[in-house]
Every structure is written in structure tokens, then in C-alpha cells.
Amino acid sequence: MTALTPPAPGPAAPAAAPAPAPGAADGNRRRRRAPRVWLGALPLFVFAAVAFGLPVGALIYGAVTRSDPATGATAVTGEHIQRSLQGPYLGSLIGSVQLSAVTAVIATVVGILIAQAVVTSRGSALRNAVLTASGVLANFGGIPLAFAFVATLGISGVITQLGHLDSLGWDLYSFTGLAVIYLYFLVPLMVLVSVPALDGLRPQWREAAQNAGATAWQFWRHVGLPVLAPSLLGGFVLLFGSAFAAHGTAAALVGGSVPLVTLKIADALSGNVLVGQENVALAMGLDMIVIAGLVMAVYLPLQRRSTRWLH
């Protein structure tokens with residue numbers, strides 16, 4: 001009886017290569033996609049560098065340097081910034097902050113009330129009309145806006161003469177009159193900002209509050225206002241920045257009767273008050289950039305937080 005012998009072993013099969021981990025494959029894909037993303041955003045970076053970076057760099061350079069007219073030598077100095085924070089220049093900066101803060105507070109309150117009325121309206125006609133008008137009025141400013149108010153609420157304006165507002169002490173060419181004009185485009189801007197935030201309040205939250213026995217005031221106090229607070233504060237900051245940077249309407253209406261930093265910058269650049277104050281004007285512009293940077297530093301986190309809550 002012959003013994004059975006096992007078959008001779010054949011060539012060993014090659015070992016299968018280990019499959020790449022899902023995380024490693026995703027990481028490689030993201031690394032390959034990253035250069036394409038940056039390449040697509042390159043035109044935006046170039047535009048920002050040319051349109052914003054170069055003017056800001058020239059402004060900062062002029063604000064912190066001084067040229068000797070005799071030798072032409074340039075030296076770094078803090079004299080211009082120091083002078084921009086003294087005397088009438090400081091008064092104009094404070095006046096701009098006060099005007100912006102007052103108008104932003106009033107426009108925030110009025111805009112929220114109008115936006116709430118629009119959101120709670122049953123028909124779409126009111127919503128469409130208000131939003132369309134707000135989109136137009138929020139971008140209406142400058143000399144045409146000043147002329148419209150002069151024709152209606154000026155010394156010889158139609159409404160001033162019909163209502164005898166001059167006998168009541170009304171003066172369009174004052175701090176109060178300028179604030180009224182600013183509200184003309186700030187309130188519509190707040191409506192545009194507030195309507196999406198109010199739309200983000202979910203009906204389930206209101207129904208849950210009603211089922212728990214909460215009143216409308218309790219709902220807004222404990223649910224609505226805390227959720228809307230980041231959006232409302234962000235809208236206030238946006239209105240403050242818009243009013244702070246406005247120039248054309250104030251220049252055409254009040255001139256130098258109301259101290260504003262934008263008007264002081266224009267006077268210093270044109271030499272209407274003192275000759276050779278161009279560097280001080282650049283320093284005041286740098287002060288405005290610092291304030292605007294602080295405003296944006298507050299606005300962006302609030303906007304991200306409101307987006308997280310309402311979307």
C-alpha cells in the first residue's frame with residue numbers, strides 16, 4: 001500500500017496591501033484640494049491688497065512720519081497722532097461717536113419693532129413692500145438725501161412751513177437734525193438685519209412656552225430676547241459703524257457747525273482751517289480705522305453666535 005504524499009507547495013500568493021485608513025485618505029484629499037482653494041481665492045486677496053492694503057499702508061506711513069521741508073529727510077514721530085487726540089480734533093471724534101451711538105440706539109429699537117410687525121403680518125404684501133423700501137432707503141444718502149431734507153424740513157421746507165416747526169425750535173442744521181437724517185437710512189438697515197433673525201425664531205419654542213403656561217412677555221424675556229441678543233447687538237454695532245463713517249450728507253448739510261471727525265479730516269486735507277495739516281488728517285483717519293476695527297471685532301463674534309443659534 002503506497003503512502004500518500006502531500007502535494008508540493010506552490011509559489012506563495014503575494015500578501016494583500018493594507019487598505020489605507022479612511023482618515024488618511026481624507027487627509028490626502030484635503031491636502032490636494034487646499035492649493036486649488038487658495039488659487040481660487042487669489043484674485044480676492046490681490047484686490048484686497050490693492051484696494052485696501054495700499055491705502056491703509058500709505059495712511060499709516062503718513063500718520064507716523066514727518067518730512068523736513070528743508071532737507072527732505074523723513075523721521076518717525078507720534079506728533080500727528082498726539083495732535084489728532086487733542087483740542088478740536090478730539091472734540092470732532094467725540095462728536096462722531098456720540099452721534100453714531102445715539103442714532104444707532106434709536107434705529108435699533110425702531111427697526112426691531114418694524115421688523116417684528118413685518119414678520120408677524122399674515123399677508124406677504126406688507127413684508128415685500130417694507131423689505132423693498134428698506135433695501136432702497138438703506139442705500140440712499142449723500143448730497144441727494146441732504147437736498148431732500150432741506151426741501152422738506154429746512155428753514156423754508158414744505159413741512160417746516162406747514163407745521164410752523166421753526167416756532168417750536170426745530171433746526172435741521174444741528175445735531176438733532178443730523179440725527180433725524182441719519183435715522184432715515186439707519187432704520188431701514190436695521191429692518192433688513194432684524195427680519196432674518198426674527199424669522200429664525202422657531203414656532204416650536206413659542207408653542208412650548210405657551211403649553212408651559214408662559215405669557216408673551218415671559219417668552220420674550222426668557223427665550224426670544226436671549227436668542228436674538230447676539231443678532232440685535234450685532235445690528236447695533238453695524239449701525240454704529242455706518243453712522244460713524246458717513247460723510248457726504250453731513251458735509252452737504254451742516255458743514256462745520258456740528259463737529260464730526262469726517263468733516264475735520266476733509267478740512268485738514270483741503271487746508272480750509274490750517275495749511276500743512278495733511279498728516280494730522282491721516283492720523284485722524286488712523287483713529288477712525290482703530291475704532292472701526294474695534295467695532296468689527298465686536299460684530300463678527302456676535303454674528304457667528306447668532307448664526308449658530310438661529311440656523
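Structure shown above.
About the criteria used
Residues numbered from 1 in each chain as written. Predicted model: local features only at pLDDT ≥ 70, side-chain atom pairs only at ≥ 80, totals over all residues. Heavy atoms only, no water. Helix = DSSP H or I, 4+ residues; strand = E, 2+ residues; numbered from the N terminus. Buried < 20%, exposed > 50% of the residue type's maximum accessible area, 1.4 Å probe, protein only. Contact = heavy atoms within 4.5 Å. Axes fitted to C-alpha atoms, helices over the stretch in contact; angles between N-to-C directions. Parallel < 35°, antiparallel > 145°, perpendicular 65-115°, else oblique. Left-handed = near helix turned anticlockwise from the far one by under 90°. Nonpolar A, V, L, I, M, F, W, Y, C, P; charged D, E, K, R; others polar. 1 Å grid on protein atoms, 1.4 Å probe; cavity = no way out; pocket = protein on both sides within 12 Å on 5 of 7 lines; lining within 4 Å. Points joined across faces, edges and corners; volume = space filled by probe spheres on them. Core = buried A, V, L, I, M, F, W, Y, C linked by side-chain atoms within 4.5 Å. Phe/Tyr/Trp six-rings, centres within 6.5 Å; stacked < 30°, edge-to-face > 60°. Patch = residues over 30% accessible without salt bridge, like charges linked within 9 Å, V, L, I, M, F, W, Y side chains within 5 Å. Areas by Shrake-Rupley, 256 points an atom, 1.4 Å probe, with all protein chains shown as cover. Salt bridge = Lys/Arg side-chain N within 4 Å of Asp/Glu carboxyl O.

Things to note about the overall build of the protein chain
When its secondary structure is counted, the protein chain shows 12 helices and 2 strands. Looking at the protein chain residue by residue over its 311 residues, the buried ones come to 31%. Expressed as a percentage of contacts within the protein chain between residues at least 6 apart in sequence, the contacts between residues at least 24 apart total 67%.

Digging into the side chain of Thr-108
In this structure, Thr-108 sits in helix α3 (residues 87-120). Apart from the residues lying within four places of it in its own chain, the contact partners of Thr-108 are Met-190, Leu-232, Phe-236 and Leu-239.

Quick notes on the packing of helix α4 (residues 124-137) against helix α7 (residues 175-199)
In the contact formed by α4 and α7, the axes pass within 8 Å of each other and the chain directions differ by 135 degrees. On the basis of their axis angle, the class for α4 and α7 is oblique. Read as a crossing pair, α4 and α7 show a hand that is left-handed. Contacts from Arg-127, Val-130, Leu-131, Ser-134, Gly-135 and Leu-137 in α4 reach Tyr-184, Phe-185, Pro-188, Val-191, Leu-192, Val-195 and Asp-199 in α7. Looking at the contact of α4 with α7, its residues break down into 9 nonpolar, 2 polar and 2 charged.

Some words on the packing of α7 against helix α9 (residues 216-245)
Closest axis-to-axis distance for the α7/α9 pair is 10 Å, and the angle between their directions is 145 degrees. Crossing angle aside, the handedness with which α7 passes α9 is right-handed. Residue-level contacts link Tyr-182, Leu-186, Leu-189, Met-190, Val-193, Ser-194, Ala-197 and Leu-198 of α7 to Trp-220, Leu-228, Ser-231, Leu-232, Gly-235, Leu-238, Leu-239, Ser-242 and Ala-243 of α9. When grouped by side-chain class, the residues that make up the contact of α7 with α9 number 13 nonpolar, 4 polar and no charged.

Some words on empty space enclosed by the protein
Applying the stated criterion across every chain, the model contains 1 cavity of 30 Å³ or more. In this structure, the largest cavity encloses a volume near 40 Å³. What lines the largest cavity is simply Ser-96, Leu-99, Ser-100, Tyr-182, Ala-243, Phe-244, Ala-246, Leu-260 and Thr-262. Listed by contribution, the elements that provide at least two residues to the lining of the largest cavity are α3 and α9.

Things to note about the environment of Leu-113
By the secondary structure assignment, Leu-113 is in helix α3. Counting along the chain gives 78 residues from Leu-113 to Val-191, while the straight-line C-alpha distance between them is 8.6 Å.

Let's talk about the nonpolar core
Among the nonpolar cores identified, the biggest contains 57 residues, and Leu-178, Tyr-182 and Leu-260 are the most heavily contacted of them. Every element with two or more residues in this core is listed here: α3, α5 (143-153), α7, α9, α10 (248-253), α11 (261-270) and α12 (278-310). For this core, the leading source of residues is α7, giving 14 residues. In contact with Leu-178, other than residues within four places in its own chain, are Leu-99, Leu-172, Ala-250, Leu-253, Val-254, Val-258 and Leu-260.

Some points on the packing of aromatic side chains
Applying the stated criterion across every chain yields a total of 5 aromatic pairs. Geometrically, the ring pair formed by Phe-140 and Tyr-184 is edge-to-face, given 6.3 Å between the ring centres and 65 degrees between the ring planes. You can see Phe-140 sitting in the loop between α4 and α5 and its partner Tyr-184 sitting in helix α7, a full 44 residues away along the chain. Judged by relative accessible area, Phe-140 falls into the partly exposed class, the value being 30%.

Description of a nonpolar patch on the surface
A surface patch of nonpolar side chains, amounting to about 1100 Å² of accessible area, comprises Trp-38, Leu-39, Leu-42, Leu-44, Phe-45, Val-46, Phe-47, Val-50, Phe-52 and Leu-54. If you trace the backbone, Leu-54 turns up in helix α1 (residues 22-64). By relative accessible area, which is 57% here, Leu-54 ends up exposed.

A word on unusual backbone geometry
Positive phi outside glycine occurs at His-164, with the angle close to 50 degrees. In this structure, His-164 sits in the loop between α6 (158-163) and α7.

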